[in-house]
Amino acid sequence: MSAFGNPASRAEAEEQVLFVPDRDSGIAQIVLNRPAKRNALSVPMRERMASLVRACELDAAIKVVLFRGNGPSFCSGNELNEDWGQRTADKRRFTLSDAVRYGTDMTYGRQSFTQAITRCSKITLLEMHGYCAAAAYFMIATHCDLVVAQEDAKIGAIEGRFLGPAGAVSHIHLNRILGVKAARHIGYTAEPVSGREMFEFGLVHKCVGAGADVHQAALEVAAQVAASPAARLRFLKARIKAAEGFVGASMPAMPGLLVSHFLKSEPDELDFWKAVRTGGVGQALNADKTRARAPAGGGKSDD
Amino acid sequence: MIDLGVSGQVAVITMHDGACLSAHSRRAGTALRDAILACGDRDDVKAIVLRSAQADFCPPAQAIVPDDDKLDAPEWSQIYASTVGIYQALCYSKKVTITAVQGRCALAGSALVLCSDLTFAAADAEFHAPFERLPEANFVLAALTMRLARAKSWTLGGAPMDARRALEVGLVNRIALSDVFAEAVDAARSIAKGPLDGIAMSKLMMESFLDSQGVGQEFDMAGFYAATLPGAAAPQDRA
Amino acid sequence: MSGRIAVDRSAGERTASIVIDHPERENAITPRMAAQFCEALTALERDDAVKVVVIKGAGANLTSGADLTAVAQRFAPPDGEAKKPLSQRARFADADLWWGRAGLFGRVLYCPKITIVAAHGKCHGAGLHLALYADLAIASATAAFAMPEWRHAGVNGDLSMLVAAVGLKRAKELVYWGREWDAATAMSHGLVNAVVASDRHDAATAELAQCCAMIMRDAVAAEKQVVRAALARMQVETGLAAAAVVGAWGTNIHFRQGEFNLLRAAKHDGLDAAVAAGAEHFAD
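About the thresholds
Residues numbered from 1 in each chain as written. Chains lettered and ligands numbered in written order. Predicted model: local features only at pLDDT ≥ 70, side-chain atom pairs only at ≥ 80, totals over all residues. Helix = DSSP H or I, 4+ residues; strand = E, 2+ residues; numbered from the N terminus. Rg over C-alpha atoms; globule rule 2.2 N^0.38 Å. Buried ≥ 20, exposed ≤ 12 C-beta atoms within 10 Å, placed from the backbone. Contact = placed C-beta atoms within 7 Å. pLDDT = per-residue confidence, 0-100. Nonpolar A, V, L, I, M, F, W, Y, C, P; charged D, E, K, R; others polar. Pairing = 2+ DSSP bridges. Axes fitted to C-alpha atoms, helices over the stretch in contact; angles between N-to-C directions. Parallel < 35°, antiparallel > 145°, perpendicular 65-115°, else oblique. Left-handed = near helix turned anticlockwise from the far one by under 90°. Core = buried A, V, L, I, M, F, W, Y, C linked by C-beta atoms within 7 Å.

Engineer: Sorry, what's going on with the overall build of chain B here?
Structural biologist: Each helix and strand counted, chain B has 12 helices and nine strands in total. In terms of overall dimensions, chain B is globule-like: its C-alpha atoms have a radius of gyration of 17 Å, near the 18 Å expected for 239 residues. Each principal axis of the C-alpha distribution contributes one length, and for chain B these read about 50 × 35 × 35 Å. Looking at chain B as a whole, 62% of its 239 residues qualify as buried.

Printed below as a string of structure tokens:
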């Protein structure tokens with residue numbers, strides 16, 4: 001796999017994804033550090049995440065890999081409209097070959113960060129606050145073994161408002177984690193749900209109050225897991241991976257993002273990529289905000 | 001070690017020492033397995049209630065079993081892990097099976113709860129994940145019962161679930177108001193009002209469903225899991 | 001036989017409603033209505049403007065399930081003996097109507113539009129399965145979900161989607177124990193997405209449909225294709241096939257002394273009296 005990105009984004013990635021391994025505690029932290037963009041993941045950031053996970057894999061002293069984000073959010077998803085090397089002088093448009101590279105190596109393929117996380121033999125833990133949207137939801141959160149969330153975190157396939165569900169309904173992990181109805185609701189309404197609701201659906205292992213220190217809570221869970229002998233954790237992880245295979249959740253969904261660049265909007269729908277070309281990502285996102293909202297009840301339990 | 005009684009088309013199996021099942025006792029395992037298999041073949045039985053005579057359905061610690069009661073690997077497979085072992089006999093029984101749980105429920109107890117159709121819990125019931133030390137416990141059943149991430153959370157998080165939480169996640173069907181065994185028997189009698197043929201057909205559908213979902217494959221892995229069970233998981237090595 | 005399927009296009013061109021309209025029998029679905037339902041779906045699927053299909057019931061209920069009048073007449077006609085043995089086609093007719101490739105549930109499950117069930121009142125039998133197989137279900141506080149026929153003759157439906165929605169032990173409450181779930185229970189079990197007060201139900205359903213209608217058609221169509229693969233991997237096709245086979249075996253059930261045979265009772269005393277006697281037999 002070649003290194004995608006442009007010289008600037010590649011140079012920045014090392015600072016945008018920090019690595020804090022602690023061999024004494026057995027906990028390695030992978031920290032998203034691009035707070036100005038709500039930790040949106042550039043392609044080089046994703047490649048760095050994958051290589052850090054693989055590094056943890058080789059380090060016998062590491063038992064737990066903890067993902068978290070600096071700033072107001074864990075992660076808003078993959079960066080949109082990024083120049084990762086596809087924009088060359090000799091071609092005028094995004095090609096199918098570009099989309100294949102993007103949909104495989106940079107998102108869902110066997111060498112992608114998604115699969116590096118889902119395949120990791122260590123216990124993976126996610127600390128979630130603020131937005132956990134789009135790729136952060138169905139490429140990271142659903143593949144981590146344990147999620148610790150702030151109750152007011154906003155989670156979901158909210159990019160589906162302009163790019164479609166892109167795998168958020170068909171992803172078998174999501175169906176097995178949330179139940180088929182909640183997975184469909186999130187995928188077909190593109191509405192965010194809270195950390196509390198995700199606890200009720202079953203994604204979240206531990207939910208802390210809006211004002212509580214979610215990092216402290218995540219570290220406590222990590223420390224409790226890391227107190228177990230490595231052989232025991234490996235045995236349990238092997239059992240979990242086998243069972244995930246048996247229930248059909250061993251691999252990510254088909255590369256849904258592959259098609260998102262080629263979806264055709266109808267006259268009554270927002271043409272997101274055209275809006276991006278004319279006004280930039282920010283304006284395109286704002287144009288989308290005029291849409292109707294789902295009624296309350298996206299997952300509130302009655303108790 | 002096991003009492004078996006049948007009345008009004010409901011069989012009641014009473015265990016006297018669940019901890020021996022966790023320790024893979026030959027006598028306790030054989031007795032429970034034979035009782036479950038025997039009920040499955042009786043036309044005068046439509047539902048089975050499985051309970052413990054003790055304050056704990058099955059405590060977290062394994063019992064000490066005498067040397068002459070310990071199993072070698074082939075016997076363990078035969079009595080505990082094979083298609084005619086305890087757990088598969090319960091999971092694929094031709095009768096509707098109900099576990100009535102009070103007190104602590106761990107290891108063999110939790111594995112039995114996962115294999116039974118319905119579970120009634122006393123308010124003091126407490127469910128421990130069995131997978132770390134019991135290779136024959138079925139994780140796929142846990143994932144299908146409480147959803148995948150919750151099954152992981154239960155297994156890796158370390159803490160047992162109280163009855164209320166077990167009800168919320170779907171591991172338990174009802175929390176008993178007073179007498180968990182009596183309420184489980186009431187449910188069994190209610191179920192037994194259905195036609196025997198209908199119950200048999202439903203159980204057949206369930207068997208086909210479970211195997212389409214990988215439950216059988218997971219049972220088949222038990223011997224391989226046992227072979228890789230780390231020594232650190234033995235009781236004397238636990239932190 | 002009365003009862004019909006109506007199509008309501010009054011909500012604008014993006015959202016269409018399929019209305020189960022048989023209120024004098026709590027919207028029981030006759031074989032003819034099931035066929036009409038599929039025809040309505042075909043027409044709406046071919047309409048490019050439609051993005052969301054809402055499924056609802058006229059009157060006080062979504063539906064009490066498959067119309068037993070039709071079942072009773074087929075197996076135990078009041079004016080004489082049923083033809084024995086039933087022809088091979090007759091044994092599988094019911095199965096095909098609901099569980100077959102072109103059956104009602106398969107059509108809803110694989111519908112290329114976003115489907116929403118508005119569940120209120122009785123959502124029994126087919127009503128529960130419509131809520132399950134549609135993409136989304138929004139319940140009124142009056143909704144009640146149950147599979148009463150499974151107590152009479154054993155489970156004859158797909159279990160893969162049911163368990164993937166509510167979990168194994170809860171599904172078994174329906175399969176073996178004939179429990180009924182109120183709206184709040186169905187919500188906490190994961191069978192429906194939201195519960196709203198009954199006077200808000202229509203408006204909330206319309207809002208939800210409008211929200212879903214904002215997602216690009218092309219994106220939904222693409223996702224639905226991938227969902228087909230996901231359903232296959234979750235073994236839903238196995239469940240539908242098993243339901244069809246076992247549904248046909250229902251004609252072979254032998255009732256022992258003390259067991260309640262609904263169709264025999266219906267032949268003697270009429271369907272309504274038989275249903276009432278069945279409720280009494282199974283009352284706790």
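Engineer: Where do I start with the overall build of chain C in this structure?
Structural biologist: Summing up its helical and strand segments, chain C has 14 helices and nine strands in all. Rg of the C-alpha trace for chain C: 19 Å, near the compact-globule value of 19 Å for 284 residues, within the 12% margin. Dimensions of chain C along its principal axes, counting C-alpha atoms only, are 55 × 40 × 40 Å. For chain C, the proportion of its 284 residues judged to be buried stands at 58%. A separation of at least 24 residues holds for 73% of the contacts in chain C among residues at least 6 apart in sequence.

Engineer: Where do I start with the confidence of the model for chain C in this structure?
Structural biologist: Segments scoring low in pLDDT should not have their predicted coordinates read at a detailed level. Here chain C shows a mean pLDDT of 92. Residues at 70 or above account for 95%. Among the scores for the predicted complex, ipTM is 0.95 and pTM is 0.95.

Engineer: Honestly, the interface of chain A and chain C in this entry has me stumped. Any pointers?
Structural biologist: Interface size, as often reported, equals the accessible area lost upon joining of the parts. In this complex, chain A contributes 40 residues to the contact, which on the side of chain C involves 38 residues. If you list the elements that add at least two residues to the side of chain A that touches chain C, you get α6 (160-163), α7 (172-178) and α8 (180-189) of chain A. Per-element tally for the side of chain A that touches chain C: the top contributor is α8 of chain A, with eight residues. Residues that form the side of chain A that touches chain C fall into these classes: 15 nonpolar, 15 polar and 10 charged.

Engineer: Honestly, the sheet that holds strand β7 (residues 154-156) of chain A in this entry has me stumped. Any pointers?
Structural biologist: Residues and elements named next belong to chain A. Pairing is mixed in the open sheet, where three strands are placed in the order β5-β7-β8. Because the sheet does not close on itself, it has two edges, and the strands there are β5 (131-133) and β8 (193-194). For β7 and β8, the ladder comprises two bridges, and the chain directions are antiparallel. Across the sheet, residue I155 finds its bridge partner in β8, namely V193.

Engineer: What is the right way to read unusual backbone geometry from this model?
Structural biologist: Most peptide bonds are trans, and most residues other than glycine sit at a negative phi. Notably, A166 of chain A is not glycine yet its phi reads approximately 50°, a positive angle. Mapped onto the fold, A166 of chain A is located in the loop between α6 and α7. On the neighbour-count criterion, A166 of chain A (28 C-beta atoms within 10 Å) is buried. Backbone geometry at L107 of chain B places phi at a positive 45°, although glycine is not the residue there. The topology assignment puts L107 of chain B in the loop between β5 (104-105) and α5 (108-115). Residue class for L107 of chain B comes out buried when judged on the 26 C-beta atoms lying within 10 Å of it.

Engineer: It is not clear to me how the sheet that holds strand β8 (residues 161-162) of chain B should be interpreted in this structure. Could you clarify?
Structural biologist: The three strands are arranged β5-β7-β8 (chain B) in an open sheet whose pairing can be described as mixed. Pairing within the sheet leaves two strands with one partner each, and these edge strands are β5 and β8 of chain B.

Engineer: Would you take a moment to explain the interface of chain A and chain B for this structure?
Structural biologist: If you look at the interface, chain A gives 25 residues, while chain B gives 27 residues. Contributions of two or more residues to the side of chain A that touches chain B are made by α7, α10 (214-226) and α11 (230-246) of chain A. Here the side of chain A that touches chain B takes 10 residues from α11 of chain A, the largest share from any one element. Residues that form the side of chain A that touches chain B fall into these classes: 17 nonpolar, four polar and four charged.

Engineer: Whenever I open this one, the pairing of strand β2 (residues 27-32) of chain A confuses me. Can you help?
Structural biologist: Walk down a regular strand and you will see the side chains alternate between the two sheet faces. Residues and elements named next belong to chain A. Across the six residues that make up β2, a large majority, five, are buried. One ladder, built from six bridges, connects strand β1 (residues 17-22) with β2; its direction is antiparallel. In the sheet register, L18 faces β2, and the bridge partner there is V31. The antiparallel hairpin formed by β1 and β2 contains four residues in its connecting segment, where G26 sits at a positive phi of about 80°. Alignment of β2 against strand β3 (residues 64-69), held across six bridges, turns out to be parallel.

Engineer: I would appreciate a short explanation of the packing of helix α10 (residues 196-212) of chain B against helix α12 (residues 236-249) of chain C in the present structure.
Structural biologist: The description of two helices packed together rests on the angle between their axes and the distance between the axes. Running from N to C, α10 of chain B and α12 of chain C cross one another at 165°; their axes reach a closest spacing of 11 Å. Classed by the angle they form, the pair α10 of chain B and α12 of chain C counts as roughly antiparallel. Viewed along their axes, α10 of chain B and α12 of chain C form a crossing whose handedness is right-handed. Residue-level contacts link M201, M205, S208, F209 and S212 of chain B of α10 of chain B to T238, G239, A242, V246 and W249 of chain C of α12 of chain C.

Engineer: Would you explain helix α6 (residues 139-146) of chain B in this entry?
Structural biologist: Working note: α-helix, 3.6 residues per turn, so residues spaced by three or four point in the same direction. Residue and element names in this part refer to chain B. In terms of residue burial, α6 counts as a mostly covered element, since eight of its eight residues are buried. Along α6, the residues classified as buried are F139, V140, L141, A142, A143, L144, T145 and M146. Positive backbone phi, approximately 80°, marks R147, located one or two places after α6.

Engineer: I would appreciate a short explanation of the packing of helix α2 (residues 26-40) of chain B against helix α3 (residues 73-81) of chain B in the present structure.
Structural biologist: Residue and element names in this part refer to chain B. Interaxial distance between α2 and α3 falls to 9 Å at its minimum, and their mutual angle equals 35°. Crossing angle aside, the handedness with which α2 passes α3 is left-handed. Counted together, R26, G29, T30 and R33 of α2 and E75, I79 and Y80 of α3 form the full contact between these two elements. Residue composition of the contact of α2 with α3, grouped by class: two nonpolar, two polar and three charged.

Engineer: I tried to follow the nonpolar core on my own but got confused; where do I start?
Structural biologist: For soluble globular proteins, the rule of thumb is that nonpolar side chains tend to be buried together. In this structure, L125 of chain A together with I116 and A131 of chain C are the most contacted members of the largest nonpolar core, which totals 289 residues. Residues contacting A131 of chain C, with those up to four places away along its chain left out, are V117, A119, C123, A137, F145, L191 and V192 of chain C. Membership of the second largest hydrophobic core comes to five residues, among which are F4, V43, W84 and M106 of chain A.

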